[in-house]
Amino acid sequence: MRWVVCLSIFMIVSSCNDNEFKLTIATAANMQFAMKALAEAYTAETGQQVELVVSSSGKLTAQIREGAPYDLFFSADTKYPQAIYETGGGSSSPVTYASGQLVLWSTSKNIQVSIDQLTNNEVKHIAIANPRTAPYGTAAVEVLKQLELFDAVKDKLVYGESISQVNQFIISQAAEMGFTAKSVVLSPNMSDQGNWITIADSLHPPINQAMVVLKNDRGLEKEAEAFAAFVGSEKGLSIMRSFGYK
């Protein structure tokens, strides 16, 4: 019985130690698949375990401000990391790590993907991320306004909390079309599903994405900085490019 109790205590302590030394990365939903590939490559190279928390940039920012134990924050814009840094939540100033691309995507076999089709009666729902918390949603709204289509399609718009929920709407065909990140449609999970077109960068402000190493009492700041450096290395950049990031 003593041996069983001691073994149980050892397993609990070991589990705590594993969590203590595991990097926790808060990542915007557009980066979900690319970040998974980056984390797997980094773990294979260094042995460092990495845990991902995926949500919209705005929601992750709120969680960080409330004290969530994250070590790095990869946002879909530059605004949120800068705000965290300016309020003392970052250990160093934010770094822009990529520029994302917006695409229009459909998994419906009967829908031809084009901007012109957005006003077609067959397209009853158009999915976009919530522009209040998701930068890709902000970009999608800007595209519709630039093309003077927003008023014509606003009643068709269905808003996802993040790009992840937008993807669910499109894959399930709850929305006939939707605006998502190019990194999603290029991911191994989605590359054979449906059709998509890239939205011209000239139709919306650049989707520059920044990251920041976060301040906390977990003692993993150097490990977080090492992961950030890996993302900026040639190997990391090669992975990012394979997912359509600039």
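Structure: see above.
Small disclaimer: the values here were computed from a predicted structure and weren't measured.

Caption draft 1: Up close: the nonpolar core. Ranked by internal contacts, the top residues of the largest apolar core, which has 66 residues, are Leu38, Leu72, Phe74, Leu102, Leu118, Phe179 and Phe227. The dominant element in this core, judged by the number of residues it contributes, is helix H2 (residues 32–46), at seven residues. Judged by nonpolar contacts, the second largest core, of nine residues, contains Leu60, Tyr70, Ile84 and Leu214.

Caption draft 2: Spotlight on the pairing of strand S1 (residues 23–28). Judged by how many residues are buried, S1 sits mostly within the fold: six of six residues are covered. By the alternation rule, side chains of S1 split into Leu23, Ile25 and Thr27 and Thr24, Ala26 and Ala28, which are all buried. Taken together, the six bridges between S1 and strand S2 (residues 50–55) define a ladder with parallel strand orientation. Paired with Thr27 across the strands is Val54, a residue of S2. Two strands pair when backbone bridges link them, and S1 and strand S3 (residues 72–74) are joined in this way by three bridges, in the parallel orientation. Pairing of Ala26 across the sheet is with Phe73, part of S3.

Caption draft 3: Summary view of the layout of surface pockets. Considering only enclosed or pocket space, the largest pocket measures out at about 230 Å³ in volume. Listing elements by their share of the lining of the largest pocket, those giving two or more residues are helix H4 (79–86), helix H5 (135–146) and strand S10 (207–213). Broken down by element, the residue count for the lining of the largest pocket peaks at three residues, all from H5.

Caption draft 4: Spatial organisation of the sheet that holds strand S4 (residues 95–100). Strand order in the open sheet formed by five strands is S2-S1-S3-S10-S4, with mixed pairing between adjacent strands. Single-partner strands in this sheet number two, and they are S2 and S4. With direction set aside, neighbouring strand axes in the sheet form an average angle of 20 degrees.

Caption draft 5: Region of the structure containing the packing of H2 against helix H10 (residues 234–242). Orientation of H2 relative to H10, taken along the N-to-C sense of each, is 150 degrees, at an axis distance of 9 Å. Of the possible angle classes, the one that applies to H2 and H10 is roughly antiparallel. By crossing handedness, the relation of H2 to H10 is classed as right-handed. Residues Ala34, Ala37, Leu38, Ala41 and Glu45 of H2 lie in contact with H10, whose contacting residues are Lys235, Gly236, Ile239 and Met240. Here the residues of the contact of H2 with H10 sort into six nonpolar, one polar and two charged.

Caption draft 6: Molecular detail of unusual backbone geometry. Look at Glu148: it is not a glycine, yet its phi comes out positive at around 55 degrees. As for its placement among the helices and strands, Glu148 is situated in the loop between H5 and helix H6 (150–153). Of note, the phi angle at Gln173 is positive, near 65 degrees, even though the residue is not glycine. Take Gln173: it is sitting in the loop between helix H7 (163–171) and strand S8 (177–181).

Caption draft 7: Here's a closer look at the packing of aromatic side chains. Enumeration according to the criterion identifies five aromatic pairs in this entry. Ring geometry for Phe227 and Phe230: centres 6.4 Å apart, planes at 45 degrees, overall tilted. Linking Phe227 with Phe230, this pair stays in helix H9 (residues 221–231), spanning three residues, or about one helical turn. A relative accessible area of 6% means that Phe230 is categorised as buried. Lys145 extends its terminal NZ or CZ atom over the ring of Phe150, reaching a point 5.4 Å from the ring centre.

Caption draft 8: Representation of H5. Across its twelve residues, H5 extends 16 Å between first and last C-alpha, which sits within 8% of the 16 Å expected from 1.5 Å per residue. Where H5 is concerned, the buried positions are Pro135, Tyr136, Gly137, Ala139, Ala140, Val141, Val143 and Leu144. Following H5 by one or two positions, Glu148 has its phi on the positive side, about 55 degrees.

Calculation criteria
Residues numbered from 1 in each chain as written. Predicted model: local features only at pLDDT ≥ 70, side-chain atom pairs only at ≥ 80, totals over all residues. Heavy atoms only, no water. Core = buried A, V, L, I, M, F, W, Y, C linked by side-chain atoms within 4.5 Å. Buried < 20%, exposed > 50% of the residue type's maximum accessible area, 1.4 Å probe, protein only. Helix = DSSP H or I, 4+ residues; strand = E, 2+ residues; numbered from the N terminus. Pairing = 2+ DSSP bridges. 1 Å grid on protein atoms, 1.4 Å probe; cavity = no way out; pocket = protein on both sides within 12 Å on 5 of 7 lines; lining within 4 Å. Points joined across faces, edges and corners; volume = space filled by probe spheres on them. Axes fitted to C-alpha atoms, helices over the stretch in contact; angles between N-to-C directions. Parallel < 35°, antiparallel > 145°, perpendicular 65-115°, else oblique. Left-handed = near helix turned anticlockwise from the far one by under 90°. Contact = heavy atoms within 4.5 Å. Nonpolar A, V, L, I, M, F, W, Y, C, P; charged D, E, K, R; others polar. Phe/Tyr/Trp six-rings, centres within 6.5 Å; stacked < 30°, edge-to-face > 60°. Lys NZ or Arg CZ within 6 Å of the ring centre and 35° of its normal. Expected span 1.5 Å × (residues − 1).

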